[in-house]
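# Results of the structural survey
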Amino acid sequence: MTSAEYLDLAPISRVNGTVALPGSKSISNRILLLAALASGKTEVKGLLASDDIERMLEAMTSLGVKWTQTPGTRDFVVEGVGGQFPVKDADLFLGNAGTAFRPLTAALALAGGTYKLHGVPRMHERPIGDLVDALRVVGADIEYLGNDGFPPLQLRPASISAGRRVPVKGNVSSQFLTALLMALPLTGEDVTIEVVGELISKPYIEITLNLMARFGIKVERNGWNEFVIRGGQIYQSPGVVHVEGDASSASYFLAAGAIGGGVVRVEGVGSESIQGDKRFAEVLEQMGAQITWAANHIEAAPPATGKLKALDVDLNHIPDAAMTIAVAALFAEGTTTIRNIESWRVKETDRLAAMATELRKVGAAVEEGQDYIRVTPPADLIPHAAIDTYDDHRMAMCFSLVALGGVPVRINDPKCTAKTFPTYFEVLAGISQ
Ligand SMILES: O=C(O)C1=C[C@@H](OP(=O)(O)O)[C@@H](O)[C@H](O)C1
Ligand SMILES: C=C(OP(=O)(O)O)C(=O)O
């Protein structure tokens, strides 16, 4: 391998300092779609710069949505199309961006055009059948171009009628419910979405509802089972929207603070954040870390008493940040169990299998269940492990924490962090000593 294909991290003896977080992926891609669908111009401040957002911006261009960027900034202006995409025939490549693929599938299935949606090979292995089933209930014409239940998809004009109950399964990905919530107001009709069975990753639905409200659409809800959208509501630009820092990206730095000897502050996410992943800090606190909250920042420092403690926790509500706990477990006393994370199997890679394989390379004893992982740290981490990252940005980012254990570690294909955080390793170096 050439050095561009791997990154050798030297042991990090201490971390200290402040990180200005890049914008939230979940908020950036939702706002781009909502701003496009709205009437009026929206100024979007602090949009994330990463592959997933580039795919959404490219899709907007292909669909005839005009947007401009203020040079040298991450501030954009999106000209809303008032619910009607000008381009009625398009081929959209959406990479591996779930937050682009799922919401665009729903919005375009109702848009009266002919659209092909496809992505990288892994995207074609990530399920979408529950969303397609729900959209077919309102009359959408969707064809599977590869395997049933998976992208790529061909969407065609159809006669849509939403005045009914739309059932959707919630146990594979919450992005299906998010996609329906954002798209169904376009029908103009009363519609009730009924979540069938258990809904996973619930806090992401709060992000969706919060941002829809800012764009003028109110959703009535009955817990997590029923969501009612009254007809006749239209998306309207709120004028200016600010993108919060990314709470999942914050997890690596907060964990570094909890492990690595100094105080680390992340700016852009705090107690006021609408992202569920801010609650990662609560998990670190349960492990003994010292956490300080402010409206727009969080600080983490190691436990006053010395070592982090192992936990047995259900992390269904923070599936992305949960990966960071699996690696932080290397620094805890005892065996950590993370439960209710079966969705890891259908993300950028099979994260349960990948995590188990790579944690073993540094010497951990790992038990991999269908929906849980159990990690017992070794007495001494194995130096010079070469960590495979499976084109999964989060594998690369969370395994960088191994360097805090006083051992060198190699991260293969470090550029895969581009999905959500292209500058991750430089930012980490900025707080490392
Ligand atoms: O709606 C969102 O922005 C997301 C929802 C989660 O997916 P699932 O609902 O599939 O768990 C999360 O893992 C993903 O990174 C972003
Ligand atoms: C699961 C993730 O991404 P996606 O938005 O593509 O689902 C993730 O970022 O960890």
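Residues numbered from 1 in each chain as written. Chains lettered and ligands numbered in written order. Predicted model: local features only at pLDDT ≥ 70, side-chain atom pairs only at ≥ 80, totals over all residues. Heavy atoms only, no water.

We now examine the UniProt feature "binding site: 3-phosphoshikimate" (unreviewed entry) in the chain. Mapped onto the present numbering, the UniProt feature "binding site: 3-phosphoshikimate" (unreviewed entry) falls at K25, S26, R30, S173, S174, Q175, S201, D320 and K347. Of the residues annotated just before, the largest cavity has K25, S26, R30, S173, S174, Q175, S201, D320 and K347 among its lining. Along the chain, S201 turns up in the loop between β11 (191-196) and α6 (203-214). Apart from residues no more than four positions distant in its own chain, S201 is found in contact with S174, N316 and P319. One can find K347 in the loop between β21 (336-339) and α10 (351-361). (UniProt positions renumbered as here; feature names shortened; annotations may be inferred. 1 Å grid on protein atoms, 1.4 Å probe; cavity = no way out; pocket = protein on both sides within 12 Å on 5 of 7 lines; lining within 4 Å. Helix = DSSP H or I, 4+ residues; strand = E, 2+ residues; numbered from the N terminus. Contact = heavy atoms within 4.5 Å.)

Residue P152 is bonded to the preceding P151 through a cis peptide linkage, with omega at 0°. Of note, P152 is situated in the loop between β8 (141-144) and β9 (153-156). Even without glycine at this site, H384 takes up a positive phi of about 65°. For H384, the location among the structural elements is in the loop between β23 (372-376) and β24 (385-387).

So, on to the packing of aromatic side chains. One pass over the structure, following the stated rule, counts six aromatic pairs. Through a chain of ring-to-ring contacts, three or more aromatic side chains come together here, namely Y252, F253, F421, Y424 and F425. Between the NZ or CZ atom of R221 and the centre of the ring of W224, over which it lies, the distance is 4.4 Å. (Phe/Tyr/Trp six-rings, centres within 6.5 Å; stacked < 30°, edge-to-face > 60°. Lys NZ or Arg CZ within 6 Å of the ring centre and 35° of its normal.)

Now for the site of ligand 2. Surrounding ligand 2, one finds 14 residues, the nearest of these being K25, G98, R126, R394 and K419. One of the side-chain nitrogen or oxygen atoms of E348 is found 2.9 Å away from an oxygen atom of ligand 2. R394 places a polar side-chain atom, nitrogen or oxygen, 2.6 Å from an oxygen atom of ligand 2. Coverage of ligand 2 by the protein chains reaches 98% of its 300 Å² of free accessible surface. (Near = heavy atom within 4 Å. Polar contact = N/O pair within 3.5 Å; in protein donor to acceptor, adjacent residues only side chain to side chain. Areas by Shrake-Rupley, 256 points an atom, 1.4 Å probe, with all protein chains shown as cover.)

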